[in-house]
Each structure stands twice: as structure tokens, then as C-alpha cells.
Amino acid sequence: MLTNDLLSQWDRESFLHPSTAAGAHARGETPARIIEGGQGVRIRDRDGRESLDGFAGLYCVNVGYGRPEIAEAIAEQARKLAYYHAYAGHGSEAAIELAHMVLDRAPDHMSKVYFGLSGSDANETNVKLIWYAMNATGRPAKKKIISRWRGYHGSGLMTGSLTGLELFHNAFDLPLNPILHTEAPYFYRRPDPAMSEEAFSTYCAEKLDALIRAEGADTVAAFIGEPILGTGGIVPPPAGYWEKIQAVLAEHDVLLIADEVVTGFGRLGSMFGSDHYGMKPDLITIAKGLTSAYAPLSGSILSQRLFEMVAKGTDDMGPLGHGWTYSAHPLCAAAGVANLKLIDELKIVENARDTGAVFQRLLHEAFDGHPIVGEVRGEGLMAAVEFVKDPGTRTFFDASEKVGARVAAAALERGLIARAMPQGDILGMAPPLCLTPAEAEEMVGIARAAADDVAKALGAA
Ligand code: PMP
């Protein structure tokens, strides 16, 4: 039996963690936490400490921890066929059934799904499919992709470029050349406080239109956006935003990618964020909620229009030269099938809508008017509290105060995992979608107590 001390020593000696201060961790200056188990919305570490997981891992364990139905589906698939590839028309029962189930749930105009393993590789696939489609339809100059500042689309070279956050760009010489960024639909930080939501949406659409015109519409292939900004601060779109953006894209014949890695399969209280906000994308990126993270699996869902462009390409140029060894991996597909069945049986999407409404109301009751809170915002089971020095003027805290990180640390101390979002003093919450109203109350109560702790320490209580 490996002791906690030995594991901790090996961890610091051997393991380079993502999104971690590497040197400090190796020197033992940052906390190491070894997670051992979970049930429902709670996880347990090897020291026996339990936490309410207010972020569902990384907004992915949507049906909650410890579901035997999914574990058994993976085990059964492993006994029958652990692996075969999906190249040259091969497949497994699980992968084919899952493709059918995904299309059954996706918006009507969607036509095919390409499976990958992570949200990052699915967005990489999306860019390649779009470039391929432009070549196949005789438009080789139409290749630029426009993303938004504060968008999050992955950590690869191309997808890290699509991401619009400083932490993911500056030290890596990103973004790469064909990627451009436009205004974030961040109403709280609008340029003029007198602007209405509709006016700010018009402003964002005009900025996009101006960028496409300046670049030349014949050089811009696609626009990518999360229905609601996630890692960039959990920011719902202002009223009219997607309608106005889509009008600009239609005018310039620019494709739309809806990155639904977080919002796909229920988080906003609708099956897809595209349904929720009236988006009609040419590609939908899915990952996290597809398997509730019981196994790594992602997908690119193509519209009929895009599929026809790709099919023309393969008729003219030969088979699609794009594939991963683990595309449509049978174990992951089996997890996906079991997960989607569970989502139906447990009415997970309806729960995200109904318990989500309770969660949002409780957050407003707890935080509206709080001395260090500028805004409470969210949709379904996804929410953020933004901390500011002066709510009246929306003045930021000095970054060195690390207010967001301190609130998250205080919450953890009190038994709640919430996430300090990477840019700004923003506490994010996105719990498992099986959350009950009583658990929502417990979470919000702890988050409020944590904010009070920090306000007191800052002398603002
Ligand atoms: N897109 C969005 C909207 C995401 O939130 C994420 C991950 N948080 C990704 C893409 C990348 O997914 P992955 O980490 O699985 O590569």
C-alpha cells in the first residue's frame, strides 16, 4: 500500500501538472491533493477530507461521481473489444450507436459527428475541416478564423491561438498567424455604462463586421464562440448578441463554430447552448458532458452544408487525411452511450434548468449588494461572481491582492471547490447537473461565507 507521504514525494519528484506553478510545486510550496473517490456532487481525498465539487471537476462530471452504470458499460466493452480503430470505414457498435444518439439530440440541421478525445483536438479538427472545405470548394484564400478575446477553445498551438486569454498566449508566442480576435461580449465591462444590452450587442456585431471588412471577407473562413463565455469569466451573451453576430456572418459567408465543450448536453438547461440562444452553427464542438468525463471523448458535429463541402473534397481529392489512433475509441464510446442514457433517465437537462433557476436566485440573494461584488451572472448550472474594489465604479482590485484566488481558497477551507477564473477576480461555479436544491443552498452559503471572510480581511465588510 502506497502511503500518502510517499505518493506526495513521488508527485513532487515526477509529475509536471497542468496549470500549476511548476517550480513551487516541485519544491513543496503549493498544496498537493490526491483525490481518491467521489459520490454525487462530493469528492474525497486521501486525507479523508470531503469537498462539495462546485465545478464538476472542470465543468465535466455532469451526471455526478460514482455512477455504476457507466463504470459497468466501460468494463463490459473492455471485455468484449477494448480497441479497434475507425479508419477506412471501421467502427464498433458503441461508436456507431453514440454517433446516432448525438445526432438525435443535436439541432436538426446537423449531419455527422467526427470523434476525438479532447475539446482541444476537436477544435483542431474543426479548423482543419474548414480549411479542407475551403480548398474543396475552390476558395483557398478563405482561411482566417476569428475568435473572441476571453474565449477558451483549448491548449494546443492552433486551439491555444483561438483561446483569447493572456495566460495561454504570452509565454508561448501565440496566437499563430491565421487567428484573429474580436470584442468579448462582456456586458459588465462594456465601454460605456450607459449602453443597453442590445446596444452593446450591436457594438460587438459592428466590431466583427469592421474586422471582416478590413481583412477582406474572401480571406475569413469562420467565427468561433462559446454560446456563453466559460473560462474567460462565465459571461452570458447580452440580449440580441447571437442574432446580430449571425447576421454579420451570413452577410460575409463566414461559417460559425459553436464551441459547446462546456454547454453541450445540458449545462444551461437546454440540450445544447445553440438551442438555448438560437444559434445555427456549421460545427458544434462537444467533449466534457458527452461522457461526463468517465472517459476522454470529444466530437465535431458537422452541419449538412459543411458535410457536403467535405464530401465534395473527398470525391475530388481522395480520403480525408486527418485521423487520430483513438478516434471513436470503443471504451470511451461505451461510456458516452451509458452517459447519454443516464442523462435521459435522470432528466438531467430538466434538472439543470429547474435547479439552475434556484441556484441563480440563491446567488443573487447572497451576493447582490455585497460590498466587494460587482456582478452576479450565469445561466442554468453555470455562474460567476465578479469581485471589485468599488461596485459603484466597477474598479478592479489590484491584481497583487489576488482577491478571486483568496475567495476560492477560503471556500475550499470551508469545504467547497469553486474556481478562481484565470483572468480577473471572478469566482466560477459549475456543479454537476444532478445538483439538488438543498446542495445548491449549501454551496451558495459556503461561497457567501468565503467572500465575507475575504471582505473582512480587506477591511471592506
Ligand atoms: N473548449 C471549451 C469551451 C472549453 O471549456 C475547453 C476546456 N475547458 C476546451 C475547449 C478544451 O477542452 P480540453 O481541455 O478537453 O482540451
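Here is what the cut-offs are and how they apply
Residues numbered from 1 in each chain as written. Predicted model: local features only at pLDDT ≥ 70, side-chain atom pairs only at ≥ 80, totals over all residues. Heavy atoms only, no water. Helix = DSSP H or I, 4+ residues; strand = E, 2+ residues; numbered from the N terminus. Rg over C-alpha atoms; globule rule 2.2 N^0.38 Å. Buried < 20%, exposed > 50% of the residue type's maximum accessible area, 1.4 Å probe, protein only. Contact = heavy atoms within 4.5 Å. Areas by Shrake-Rupley, 256 points an atom, 1.4 Å probe, with all protein chains shown as cover. Pairing = 2+ DSSP bridges. Axes fitted to C-alpha atoms, helices over the stretch in contact; angles between N-to-C directions. Domains from an automatic or database assignment. Buried area = accessible area lost by both parts, 1.4 Å probe. Salt bridge = Lys/Arg side-chain N within 4 Å of Asp/Glu carboxyl O. Polar contact = N/O pair within 3.5 Å; in protein donor to acceptor, adjacent residues only side chain to side chain. Phe/Tyr/Trp six-rings, centres within 6.5 Å; stacked < 30°, edge-to-face > 60°. pLDDT = per-residue confidence, 0-100. Near = heavy atom within 4 Å. Nonpolar A, V, L, I, M, F, W, Y, C, P; charged D, E, K, R; others polar. Parallel < 35°, antiparallel > 145°, perpendicular 65-115°, else oblique. Left-handed = near helix turned anticlockwise from the far one by under 90°. Core = buried A, V, L, I, M, F, W, Y, C linked by side-chain atoms within 4.5 Å.

**Student:** How would you summarise the overall build of the protein if you had to cite specific residues and measurements?
**Tutor:** When helices and strands are counted, the protein shows 17 helices and 15 strands. In summary, the protein has a C-alpha radius of gyration of 22 Å against a globular reference of 23 Å for 461 residues, a match within 12%. For the protein, the spread of C-alpha atoms along the principal axes amounts to about 65 × 60 × 45 Å. Relative to its full complement of 461 residues, the protein shows a buried share of 54%. Here the analysis covers contacts within the protein between residues at least 6 apart in sequence; of these, 70% occur between residues at least 24 apart. Total accessible area on the protein is roughly 19600 Å²; 55% of this is exposed by carbon and sulfur atoms.

**Student:** Please provide a residue-by-residue account of the sheet that holds strand 12 (residues 382-387), values included.
**Tutor:** Picture the strands of a sheet paired through backbone hydrogen bonds; they go either parallel or antiparallel. Strand order in this open sheet of 4 strands is 11-12-15-14, and the pairing throughout is antiparallel. Each edge of the sheet is formed by a strand with only one pairing partner; in this case those strands are strand 11 (373-379) and strand 14 (419-420). Here strand 11 pairs with strand 12 via 6 bridges, running antiparallel. Residue pairing across strands places Arg-377 opposite Ala-384, the latter belonging to strand 12. Packing against the sheet, helix 15 (residues 348-367) makes contact with strand 11, strand 12 and strand 15 (426-429), and its axis sits at approximately 175 degrees to strand 11.

**Student:** Go over the domain arrangement of the protein, please, and point to the residues and values.
**Tutor:** Looking at the assigned domains, one finds that the protein contains domain 1 (33-66 + 348-458) and domain 2 (69-346). Using C-alpha coordinates to define each centre, domain 1 is positioned 26 Å away from domain 2. Each partner contributes to the interface: domain 1 provides 40 residues, whereas domain 2 provides 40 residues. When the two sides are added together, the surface that domain 1 and domain 2 hide from each other amounts to roughly 3200 Å², 57% of it contributed by carbon and sulfur. It is Met-382, Arg-394 and Gln-423 that lose the most area in domain 1 upon contact with domain 2, and together they represent 24% of the buried surface on that side. In this assembly, domain 1 and domain 2 are joined by 1 salt bridge. With a closest N to O distance of 3.0 Å, Arg-189 and Glu-386 form a salt bridge. Summed over the shared surface of domain 1 and domain 2, the number is 20 residue pairs in polar contact (both at pLDDT 80 or more).

**Student:** Could you give me a rundown of the packing of aromatic side chains, with the residues and numbers involved?
**Tutor:** The final tally for this structure, using the stated rule, is 8 aromatic pairs. Here Phe-200 and Tyr-203 contribute two aromatic rings whose centre-to-centre distance is 5.9 Å and whose plane-to-plane angle is 20 degrees, an arrangement assigned as stacked. On the criterion of helical spacing, the pair formed by Phe-200 and Tyr-203 is a turn pair, its members being 3 residues apart in helix 9 (residues 197-215). Taking relative accessible area as the criterion, Phe-200 reaches 0% and is therefore assigned buried. With a centroid separation of 6.3 Å and an interplanar angle of 70 degrees, the aromatic rings of Phe-223 and Trp-242 are classed as edge-to-face. Taken together, the positions of Phe-223 in strand 7 (residues 220-225) and Trp-242 in helix 10 (residues 241-251) put the pair 19 residues apart, joining distant regions of the chain. Each of the two residues, Phe-223 as well as Trp-242, counts as buried. An aromatic cluster is defined as three or more aromatic residues linked by ring pairs; in this entry it consists of Phe-187, Phe-200 and Tyr-203.

**Student:** Got a sec to walk through the confidence of the model for the protein? Specific residues and values, please.
**Tutor:** Here the protein shows a mean pLDDT of 97. Residues at 70 or above account for 100%. The ipTM for the predicted assembly is 0.99, set against a pTM of 0.98.

**Student:** Could you give an account of the site of the ligand, with specific residues and numbers?
**Tutor:** The environment of the ligand is formed by Ser-118, Gly-119, Ser-120, Asn-123, Tyr-152, His-153, Gly-154, Glu-226, Asp-259, Val-261, Val-262 and Lys-288. Within the backbone of Gly-119, one N or O atom sits 2.9 Å away from an oxygen atom of the ligand. Between the ligand and Asp-259 there is a distance of 2.8 Å, counted from a nitrogen atom to a side-chain nitrogen or oxygen. Expressed as a share of its isolated accessible area of 390 Å², the protein-covered part of the ligand is 82%. Take the shell around the ligand: its biggest share by element is 3 residues, from helix 6 (residues 119-136). For the shell around the ligand, the residue count by class is 3 nonpolar, 6 polar and 3 charged.

**Student:** So what's going on with the sheet that holds strand 8 (residues 255-259)? Residues and values would help.
**Tutor:** On the basis of which strands lie adjacent, the open sheet formed by 7 strands has the order 4-10-9-8-7-5-6 and mixed pairing. At either margin of the open sheet sits one strand with a lone partner, and together these are strand 4 (110-116) and strand 6 (179-182). Within the sheet, the average angular offset between the axes of one strand and its neighbour, ignoring direction, is 20 degrees. Seen against the sheet, helix 5 (residues 93-105) touches strand 4, strand 9 (283-286) and strand 10 (298-303) and runs at an angle of roughly 135 degrees to strand 4.

**Student:** Now, about the packing of helix 4 (residues 68-80) against helix 14 (residues 330-345): what can you tell me, with residues and values included?
**Tutor:** Across the interface, helix 4 lies against helix 14 with an axial gap of 8 Å and an inter-helix angle of 150 degrees. With respect to each other, helix 4 and helix 14 are oriented roughly antiparallel. In this structure, the crossing between helix 4 and helix 14 has a hand that is right-handed. Between helix 4 and helix 14, the contacting residues are Glu-69, Ile-70, Ala-73, Ile-74, Gln-77 and Ala-78 on the first element and Pro-330, Leu-331, Ala-334, Ala-335, Ala-338, Asn-339 and Leu-342 on the second.

**Student:** Can you explain the nonpolar core? Please cite residues and give values.
**Tutor:** Core analysis: the biggest nonpolar cluster contains 110 residues, and Phe-223 and Phe-387 have the highest contact counts within it. Residue-level mapping places this core at the junction of two domains, with at least three residues from each of domain 1 (33-66 + 348-458) and domain 2 (69-346). Among residues more than four places away in sequence, those in contact with Phe-387 are Ile-372, Val-373, Gly-374, Phe-397, Val-403, Val-407, Asp-425, Leu-427 and Ala-451.

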